[in-house]
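Here are the chains, one letter per residue:
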Amino acid sequence: MRKSHPIRRVVLATAATVSGVVLLLSLKPTSDPASASAAGAAPSAAAAGQESPQGGTGAAGTTTVDGDATQTQYGVVQVRLTVANGKITQAQAIQAPKGGTSDQKTALSVPQLNKETVAAQSANIDAVSGATYTSTGYKQSLQSALDKMKEAASSSSSSSSSSSSGSSGSSSSGSSGSSSSGSAQAKTVTGQVAQTQYGAVQVRITVAGGKITKAEAVQAPKGGLSDQKTALAVPKLNQEAVAAGNANIDSVSGATYTSTGYKQSLQSALDQAGG
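Residues numbered from 1 in each chain as written. Predicted model: local features only at pLDDT ≥ 70, side-chain atom pairs only at ≥ 80, totals over all residues. Heavy atoms only, no water.

A.B. asks: Teacher, can you tell me more about the pattern of salt bridges here?
C.D. replies: Pairing is possible between side chains that carry opposite charge, provided their charged atoms lie close to one another. Here the structure, examined in full by the defined rule, presents 4 salt bridges. A salt bridge links Lys148 to Asp68, with the shortest nitrogen-to-oxygen separation between them at 3.3 Å. Placement of Lys148 in helix H4 (residues 132-166) and of Asp68 in the loop between strand E2 (63-66) and strand E3 (70-72) is noted, with a sequence separation of 80 residues between them. Between Asp68 and Arg204 there is a salt bridge whose closest N-O contact spans 3.0 Å. Of this pair, Asp68 sits in the loop between E2 and E3 while Arg204 sits in strand E8 (residues 199-208); the two residues are 136 residues apart in sequence, bridging distant segments of the chain. According to the relative accessible area criterion, Asp68 is buried, its value standing at 9%. Residue classification places Arg204 among the buried positions, given a relative accessible area of 7%. Taken together, the shared-partner salt bridges in this structure form one network comprising Asp68, Asp147, Lys148 and Arg204. (Salt bridge = Lys/Arg side-chain N within 4 Å of Asp/Glu carboxyl O. Helix = DSSP H or I, 4+ residues; strand = E, 2+ residues; numbered from the N terminus. Buried < 20%, exposed > 50% of the residue type's maximum accessible area, 1.4 Å probe, protein only.)

A.B. asks: Is there a simple way to think about the confidence of the model for the chain in this case?
C.D. replies: Parts of the model with low pLDDT should not have their predicted coordinates read in detail. For the chain, the mean per-residue pLDDT works out to 77, and 67% of the residues sit at or above 70. Ignoring residues within four places in sequence, the model shows residues 28-55, a span with pLDDT below 50, making 5 contacts including any to other chains. In this model residues 168-183 is a low-confidence stretch, pLDDT under 50, and it forms 9 contacts with partners more than four residues away in sequence or in other chains. (pLDDT = per-residue confidence, 0-100. Contact = heavy atoms within 4.5 Å.)

A.B. asks: I'm lost on the nonpolar core in this one. Help?
C.D. replies: The nonpolar side chains of a soluble globular protein tend to be buried, and buried together. Of all hydrophobic cores here, the largest spans 19 residues; its most connected members are Ile205, Ile212, Ala215, Leu237, Tyr262, Leu266 and Leu270. Those elements that provide at least two residues to this core are E8, strand E9 (211-219), helix H6 (225-244) and helix H7 (256-273). At 5 residues, the largest contribution of residues to this core is made by H7. Beyond its immediate chain neighbours, meaning those up to four positions away, Leu237 contacts Ile249, Asp250, Val252, Ser259 and Tyr262. Formed by 16 residues, the second largest nonpolar core is a distinct cluster that contains Val77, Tyr138, Ala145 and Leu146. (Core = buried A, V, L, I, M, F, W, Y, C linked by side-chain atoms within 4.5 Å.)

A.B. asks: Quick question: what am I supposed to make of the side chain of Thr196 here?
C.D. replies: Mapping Thr196 onto the fold places it in strand E7 (residues 194-196). For Thr196, a relative accessible area of 13% gives the class buried. Polar contacts involving the side chain of Thr196 include one to the main-chain carbonyl oxygen of Gly199, which spans 2.5 Å. Among residues more than four places away in sequence, those in contact with Thr196 are Val201, Pro221, Tyr257 and Gly261. (Polar contact = N/O pair within 3.5 Å; in protein donor to acceptor, adjacent residues only side chain to side chain.)

A.B. asks: What should I look at first to understand the packing of aromatic side chains in this one?
C.D. replies: Here the distance between the centres and the angle between the planes together describe a pair of aromatic rings. Applying the stated criterion across every chain, the model contains 2 aromatic pairs. Between Tyr74 and Tyr133, the aromatic rings sit 5.5 Å apart at their centres with planes inclined by 70 degrees, giving edge-to-face as the arrangement. Here Tyr133 lies in helix H4 and Tyr74 lies in the loop between E3 and strand E4 (75-84), a separation of 59 residues in the sequence. When the centroid spacing of 5.4 Å and the interplanar angle of 70 degrees are considered together, the rings of Tyr198 and Tyr257 count as edge-to-face. With a gap of 59 residues between them, Tyr198 in the loop between E7 and E8 and Tyr257 in helix H7 connect regions that are remote in the sequence. Positioned above the aromatic ring of Tyr74 is the side chain of Lys105, whose terminal nitrogen or guanidinium carbon lies 5.7 Å from the ring centre. One Lys or Arg, Lys229, reaches over the ring of Tyr198 and ends 5.8 Å from the middle of that ring. (Phe/Tyr/Trp six-rings, centres within 6.5 Å; stacked < 30°, edge-to-face > 60°. Lys NZ or Arg CZ within 6 Å of the ring centre and 35° of its normal.)

A.B. asks: Please clarify how the packing of H6 against H7 should be interpreted in this entry.
C.D. replies: Axis angle and axis distance: for two packed helices, these are the angle between their axes and the distance between the axes, and together they describe the pair. Two numbers describe how H6 lies on H7: the axes approach to 11 Å, and their chain directions differ by 35 degrees. Seen along the crossing, H6 lies across H7 with a hand that is right-handed. In this structure, H6 uses Leu237, Asn238 and Ala241 to contact H7, whose residues at the interface are Ser259, Tyr262 and Leu266. Of the residues that constitute the contact of H6 with H7, the class distribution is 4 nonpolar, 2 polar and no charged. (Axes fitted to C-alpha atoms, helices over the stretch in contact; angles between N-to-C directions. Left-handed = near helix turned anticlockwise from the far one by under 90°. Nonpolar A, V, L, I, M, F, W, Y, C, P; charged D, E, K, R; others polar.)

Printed below as a string of structure tokens:
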């Protein structure tokens, strides 16, 4: 009988093949969990580094300034400016009218208003045709942001002057330092928007030494008879606010709603100022 039987050869060949496959599979490299984890973390870290600041100081001396929220007939408009070296590098509306046709008007007007702002470096920009209310609200909020820029620059200048005067050590420079310190304590506070039957009223006051030195209405009812009533009432209310030093002032006859809204916004400004 022959030793190399055909069936035996087939069995041995099959066994050798299976052993080879098992050996190859055992040699397949496994993935490194640590490497996979690191690879997944890298994009998220990069994305985090790209986030832009929403307010305050940004990169390389860049700051963001938010204007006051302005109430329009179709919704609130609020502008945010990005400023570098005293110049506007970016403008954006962080609030704008929404819903219905407002979506179309906002999409049409806001990008154009943003571009005009950067180009003009002021609130002296053209309203977008077909989006008059949004444009008006945008410009009002933009102006308040520009005012805050100026106040911040003025405050920084006063602080620098005060520090310089204080380092001299002379009696005369000490006197000027006291004056500079007094002006540096003046601050401007904007009250909350008070909504009246004829429109929004918002008051801004300047406070120094615990007293109101200036009062103004940054928003007041407009259109038709409201223009006349606003022109009649607001100057009187401003004077009374400065004279009284508080919100306990008389309403102007014929402009009751405007007077009431003025006093409400004035009181909120005083609360913020700590008065």
